[in-house]
Amino acid sequence: MKETKKMKRNERRNNTSDQPASAPVDGSFKARIRRIPPVIWLAAAFLIMAWWALPIRNGVFMRWMEDCSLFDPSDYGRDQLMRYPGGLLQYIGSYLMQFMHIPKLGSSILFALWMLLAFMTVRCFRLPSRLIPLSLLIPILMLRSVLMLDESWLTILYKGFIFAPTIGFICVTALVWIWRLIRPWWGAALFSLLTVCLYPWLGFFALLAGVVQAVLSIMQISRNTPTSGKSIYGFLTTPVIVLILAICVPVFYYRNMPGTWVEGNHLWVKGLPDLMLNDNDAPFFLPFFLSSLLLLLFACLTRFRKYAFGKWYSYWTVLLVVMAGFWCSGKIEKSEQWRAMALMQLHIDRLNWDRVVMVADNMKGPLTPELAYLAQMGRNICGMPQMKYNISEDYPDADNLRKRPAFLRTAFLSVPADYFLGETNRSYRWAMEHSVKYGHRAFLLKYMVRSCLLNGDYELARRYNDMLARTLFHREWSEHYGKFIDDPSLIPGDPELGSIHTSTAPRVFY
């Protein structure tokens, strides 16, 4: 018996040794590749596209958008935002938007939030495995909402535009997920009441979360499977509460909230970016509208949770996500003129006038009059001979209310050019007008500080400079100009401030 067992063991060893060592490894690797879900491949492709679209191809715009925004952590700045529906989202979004000063860092934070949103969507709505790729649609729409921004950002009074809506949809999925975990029907109804009452802090997104909860209740009723002590009447409680409160809470907030500065029209969409509800801004609203519809669709799909989705559903969902990605990629490229203007603004702020000239000289197409003017100014400052540029006054989007050439000229041209020409009163005037209408921006505050220094308004300069000192990435700039506020005698010896001969003309209006 012992000899027979030894012979069998030796035979098994010989059979094993005869097989190539790499065969099982290769087969295992291929099997692992085949087992990777399609959503992983789609998520990887989406992140690669997003990385190319934001920090690589449009890093200049992300940096410029951060320069044209401001995070104000003071008690006054925080209270102002908290007195507006959805102000909490703007506060968090404006803080995170500071990291776009380093586009790769800010984009990485944004991508992490998008992947968190996709994960929470899958878990919250318990999407079937073949429909999981649909969870990437909302991140794709959020990417498109960011790519659609251009010079119009200067006229949008909404802090943290890049991050705030994403955080809003994360809050919606979190509130719905918690609601689904609550067992007693009365507990779910009370939580729906609390959800809608979050309107002062979340605005539109609190109402959306309540509506999604109501749709889920209706889907549970339609399945006619009340569980854990919930009755059909219990399931009806949530939709009724949400319907009544969604209508009443915004109106109650508007009429009774002390100190709020929200307008009385379109109360139910406050918390979304403050855009014009007309054809001019309809493209900006589209990604948020479609994302809201998707959440409602996911809620409706819970009605078919036990339905056996065939493999063809997987193919169709993948195709839909790919098509959405191609639709989003159409907004990656920006016009050469606008790209040059954003780059010039950043170089002017750093006093790199030679690079301002280089941007204009390297343009392939014609220059706008504004670009040509800044380039000629750079040549004068650098001591270069004047050049005759190919100038075109054709503005394709001149009919857009946010892209009127005469209006944008007051910010892109008048604020920096008037300052370096010594017309500090006019530079300050235009910077102040834009700040009053569209909120403080770091870009404008810097010229207000410089103009006040040259005009001798040192305490006013200190006030604006302190606002920059409270930010993460403009603190160094604030410290540099703060020494001139503390000791004005240093101004004549500064290469920048000392070289500007201010005009004594008191008139700043044309």
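Residues numbered from 1 in each chain as written. Predicted model: local features only at pLDDT ≥ 70, side-chain atom pairs only at ≥ 80, totals over all residues. Heavy atoms only, no water.

I would appreciate a short explanation of the overall build of the protein chain in the present structure.
Across its full length, the protein chain holds 23 helices and zero strands. Summarising its shape, the C-alpha atoms of the protein chain cover approximately 110 × 70 × 45 Å along the three principal directions. Looking at the protein chain residue by residue over its 510 residues, the buried ones come to 51%. The long-range share in the protein chain, meaning contacts at least 24 apart out of those at least 6 apart in sequence, stands at 73%. When the accessible surface of the protein chain is split by element, carbon and sulfur atoms take 63% of a total near 25,000 Å². Once the 55 positive and 37 negative side-chain charges of the protein chain are each reduced to a mean point, those two points are 18 Å apart. (Helix = DSSP H or I, 4+ residues; strand = E, 2+ residues; numbered from the N terminus. Buried < 20%, exposed > 50% of the residue type's maximum accessible area, 1.4 Å probe, protein only. Contact = heavy atoms within 4.5 Å. Areas by Shrake-Rupley, 256 points an atom, 1.4 Å probe, with all protein chains shown as cover. Lys, Arg positive; Asp, Glu negative; His and termini not counted. Charge placed at Lys NZ, Arg CZ, Asp CG, Glu CD.)

Please clarify how the pattern of salt bridges should be interpreted in this entry.
It is possible for side chains bearing opposite charge to pair when their charged atoms get close. Scanning the entire structure with this criterion turns up 18 salt bridges. Arg402 serves as the salt-bridge partner of Asp281, at 2.8 Å between the closest nitrogen and oxygen. Separated by 121 residues along the polypeptide, Asp281 in the loop between helix H13 (232-256) and helix H14 (282-301) and Arg402 in the loop between helix H18 (369-382) and helix H19 (405-420) bring together distant segments of the chain. Side by side, Asp281 and Arg402 carry an identical accessibility label, which is buried. Ionic pairing is found between Asp349 and Lys446, a salt bridge with its closest N-O pair at 3.1 Å. Linking Asp349 in helix H16 (residues 336-349) with Lys446 in helix H21 (residues 442-455), this pair joins segments that are 97 residues apart in sequence. (Salt bridge = Lys/Arg side-chain N within 4 Å of Asp/Glu carboxyl O.)

Looking at this model, I keep getting lost on helix H6 (residues 87-97). Mind explaining?
One turn of an α-helix holds 3.6 residues; hence residues three or four places apart share an orientation. Burial runs high along H6: eight of the eleven residues are buried. Gly87, Leu89, Gln90, Tyr91, Gly93, Ser94, Leu96 and Met97 are the residues of H6 that are buried.

Please clarify how a positive patch on the surface should be interpreted in this entry.
Together, Lys30, Arg32, Arg34 and Arg35 make up a positively charged patch on the protein surface. Here Arg34 shows up in helix H2 (residues 22-35). (Patch = residues over 30% accessible without salt bridge, like charges linked within 9 Å, V, L, I, M, F, W, Y side chains within 5 Å.)

Would you mind going over H18 with me for this structure?
With 14 residues, H18 should reach 20 Å at 1.5 Å per residue; the first-to-last C-alpha distance of 20 Å fits that figure. On its buried face, H18 is in contact with H16, helix H17 (353-361) and H19. (Expected span 1.5 Å × (residues − 1).)

So what exactly am I meant to see when it comes to a nonpolar patch on the surface here?
Together, Val240, Leu243, Ile244, Ile247 and Trp268 give the surface a local cluster of nonpolar side chains, amounting to about 490 Å² of exposed area. With respect to the helices, strands and loops of the structure, Leu243 is situated in helix H13. Residue classification places Leu243 among the exposed residues on the basis of a relative accessible area of 55%.

Would you take a moment to explain the state of the cysteines for this structure?
Every disulfide links exactly two cysteines, by a covalent bond between their sulfur atoms. Within the structure shown, the criterion is met by zero disulfides. Note on Cys124: no disulfide assigned, nearest cysteine sulfur contributed by Cys171 at a separation of 13 Å. Of all cysteine sulfurs in the structure, the one in Cys124 sits closest to Cys300, which takes part in no disulfide; the separation is 13 Å. (Disulfide = S-S within 2.5 Å.)

Even after reading the chapter, I still don't get the packing of H18 against H19, so can you show me in this structure?
When two helices pack together, their arrangement is given by the angle between the helix axes and the distance between those axes. Two elements in contact, H18 and H19, have axes separated by 11 Å at closest approach and are oriented at 15°. In terms of orientation, H18 lies roughly parallel with respect to H19. The way H18 lies across H19 gives a crossing that is left-handed. Contact residues: Glu370, Tyr373, Leu374 and Met377 in H18; Arg409, Phe412, Leu413, Ala417 and Phe420 in H19. Residues that form the contact of H18 with H19 fall into these classes: seven nonpolar, no polar and two charged. (Axes fitted to C-alpha atoms, helices over the stretch in contact; angles between N-to-C directions. Parallel < 35°, antiparallel > 145°, perpendicular 65-115°, else oblique. Left-handed = near helix turned anticlockwise from the far one by under 90°. Nonpolar A, V, L, I, M, F, W, Y, C, P; charged D, E, K, R; others polar.)

Just checking my understanding: could you explain the packing of H16 against H18 for this structure?
Interaxial distance between H16 and H18 falls to 10 Å at its minimum, and their mutual angle equals 35°. Here H16 and H18 pass one another in a crossing that is left-handed. Between H16 and H18, the residues in contact are Gln337, Ala340, Met341, Met344, Gln345 and Ile348 and Glu370, Leu371, Leu374 and Ala375, respectively. For the contact of H16 with H18, the residue count by class is seven nonpolar, two polar and one charged.

Just geometry here; none of it tells us what the structure is for.
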